[in-house]
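# Coordinate inspection notes
Spelled out from the first residue to the last, the chains are:
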Amino acid sequence: MSYTIYPAIDIRAGKCVRLEQGDYNKETIYGESPYKMAKSFQDAGAKWVHVVDLDGAKAKRPVNDEAILTIAQKLDVPVQVGGGIRTEQDIDRYINGGVARVVLGSVAVYQPDFTKQMLAKYGEQMAIGIDARDGYVATEGWLETSHVKAEDLAAEMARFGAKTFIFTDIARDGMLTGPNIEACVALSKAANANVIASGGVSSIADLAQLRAASLAGAIVGKALYTKRFTLEEALAEGEL
């Protein structure tokens, strides 16, 4: 997997928002139309778009799925989706609806056998999202913290066939304090797989460091919305 920049859209109540450290009480709204935001990313040259159903993550089922399917069907670039995906029916609906890659998070912790089956069935169309707080996996929209270490979960999922992981250090998410490169690299080594870094990206230099660390890509959200740099500048770093 080449180094890829994934502009992010987090959807809550049908709108584009960003949270700080996953806190639903620390929300900023950046747009009324997720599709228009996604289209703007595509128009700026994005090769992928990353979408999260925040309501779904909390409800443990897809909530903003219609808006997400609209994005997947109308865009010409592939869309990666996570948030509240718990059943094969959820996965089927997204993939049959045009989503290129589905991200499983909490279910990987609580239903490893199911996750193994889905990895076997859908292969490269699946990714495992590992969100960590102090090294331990957080679940249910980051509202709970498990007793499972991030690296242990990554190694187990890799044995089950996972090839792509998305790693988020919750303490850095939405804070513009820089990504946790060390943790990303450790996870990549534990799983011997592609790791996409998420959380904390604040500058083009951060993107360059993630690339230099041989990671598969970076998800960029708040830095774009707060105009720390443009998507065109980020993509230029990704294409070097």
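- Of the comments in the UniProt record for the chain, the one headed Catalytic activity reads "1-(5-phospho-beta-D-ribosyl)-5-[(5-phospho-beta-D-ribosylamino)methylideneamino]imidazole-4-carboxamide = 5-[(5-phospho-1-deoxy-D-ribulos-1-ylimino)methylamino]-1-(5-phospho-beta-D-ribosyl)imidazole-4-carboxamide".
- In its Sequence similarities section, UniProt records this for the chain: "Belongs to the HisA/HisF family."

## Quick look at the overall build of the chain
- The helix and strand inventory of the chain stands at 11 helices and 12 strands.
- Taken over the C-alpha trace, the chain has a radius of gyration of 16 Å; the compact-globule value for 240 residues is 18 Å, and the two agree within 12%.
- On the principal axes, the C-alpha backbone points of the chain span a range of 40 × 35 × 35 Å.
- Long-range contacts, defined as pairs at least 24 residues apart, comprise 65% of the intrachain contacts of the chain with a sequence gap of at least 6.
- Summed over all atoms, the accessible surface of the chain reaches about 10200 Å², with 46% contributed by carbon and sulfur.

## Here we look at the nonpolar core
- Among the nonpolar cores identified, the biggest contains 68 residues, and Ile91, Ile130 and Phe165 are the most heavily contacted of them.
- Discounting residues that sit within four places of it in the chain, Ile130 has contacts with Val137, Ala150, Leu153, Ala154, Phe165, Ile166, Phe167, Thr168 and Leu187.
- Judged by nonpolar contacts, the second largest core, of nine residues, contains Trp48, Val103, Ile196 and Ala216.

## Re helix α8 (residues 181–191)
- Burial in α8 covers these residues: Ile181, Cys184, Leu187, Ser188 and Ala191. Taken around the axis of α8, the buried residues stretch over an arc of 125 degrees, which confines them to a single face. Away from the buried face of α8 by more than 90 degrees, exposed residues Glu182 and Lys189 are located.
- Once α8 ends, the next one or two residues include Asn192, with phi positive near 50 degrees.

## A short note on the UniProt feature "active site" in the chain
- With numbering aligned to this structure, UniProt lists the feature "active site" at Asp10 and Asp131.
- On the secondary structure map, Asp10 appears in strand β1 (residues 4–12).
- Not counting chain neighbours up to four residues away, the residues in contact with Asp10 comprise Lys15, Cys16, Val17, Arg18, Val52 and Leu54.
- Following the sequence through the fold, Asp131 ends up in strand β7 (residues 126–133).

## Notes on the side chain of Asp53
- Position of Asp53 relative to the elements: it lies in strand β4 (residues 49–53).
- Comment: no salt bridge for buried Asp53; closest opposite-charge side chain is Arg61, at 7.4 Å.
- From its side chain, Asp53 meets the backbone nitrogen of Asp55 in a polar contact 3.3 Å long.
- One polar contact links the side chain of Asp53 to the main-chain amide nitrogen of Val63, over a distance of 2.7 Å.

## So, the pairing of strand β8 (residues 136–139)
- Two strands pair when backbone bridges link them, and β7 and β8 are joined in this way by two bridges, in the antiparallel orientation. Opposite Arg133, over in β8, you have Tyr136 as the bridge partner.
- Between the end of β7 and the start of β8, which pair antiparallel, lie two residues, with Asp134 showing a positive phi angle near 55 degrees.
- Bridge count between β8 and strand β9 (residues 144–149): three bridges; the pairing is antiparallel. Bridged to Thr139 within β9 is Glu144.

## As for the layout of surface pockets
- If you add up the space inside the largest pocket, you get close to 160 Å³.
- Taken together, Ala132, Asp134, Gly135, Lys149, Ala150, Glu151, Phe167, Asp169, Asn180 and Ala183 form the lining of the largest pocket.
- Those elements giving two or more residues to the lining of the largest pocket turn out to be α7 (150–159) and β10 (164–169).
- Its residues assigned to classes, the lining of the largest pocket shows four nonpolar, two polar and four charged.

Reading the values: the criteria
- Residues numbered from 1 in each chain as written.
- Predicted model: local features only at pLDDT ≥ 70, side-chain atom pairs only at ≥ 80, totals over all residues.
- Heavy atoms only, no water.
- UniProt positions renumbered as here; feature names shortened; annotations may be inferred.
- Helix = DSSP H or I, 4+ residues; strand = E, 2+ residues; numbered from the N terminus.
- Rg over C-alpha atoms; globule rule 2.2 N^0.38 Å.
- Contact = heavy atoms within 4.5 Å.
- Areas by Shrake-Rupley, 256 points an atom, 1.4 Å probe, with all protein chains shown as cover.
- Core = buried A, V, L, I, M, F, W, Y, C linked by side-chain atoms within 4.5 Å.
- Buried < 20%, exposed > 50% of the residue type's maximum accessible area, 1.4 Å probe, protein only.
- Arc of directions from axis to C-beta.
- Lys, Arg positive; Asp, Glu negative; His and termini not counted.
- Salt bridge = Lys/Arg side-chain N within 4 Å of Asp/Glu carboxyl O.
- Polar contact = N/O pair within 3.5 Å; in protein donor to acceptor, adjacent residues only side chain to side chain.
- Pairing = 2+ DSSP bridges.
- 1 Å grid on protein atoms, 1.4 Å probe; cavity = no way out; pocket = protein on both sides within 12 Å on 5 of 7 lines; lining within 4 Å.
- Points joined across faces, edges and corners; volume = space filled by probe spheres on them.
- Nonpolar A, V, L, I, M, F, W, Y, C, P; charged D, E, K, R; others polar.

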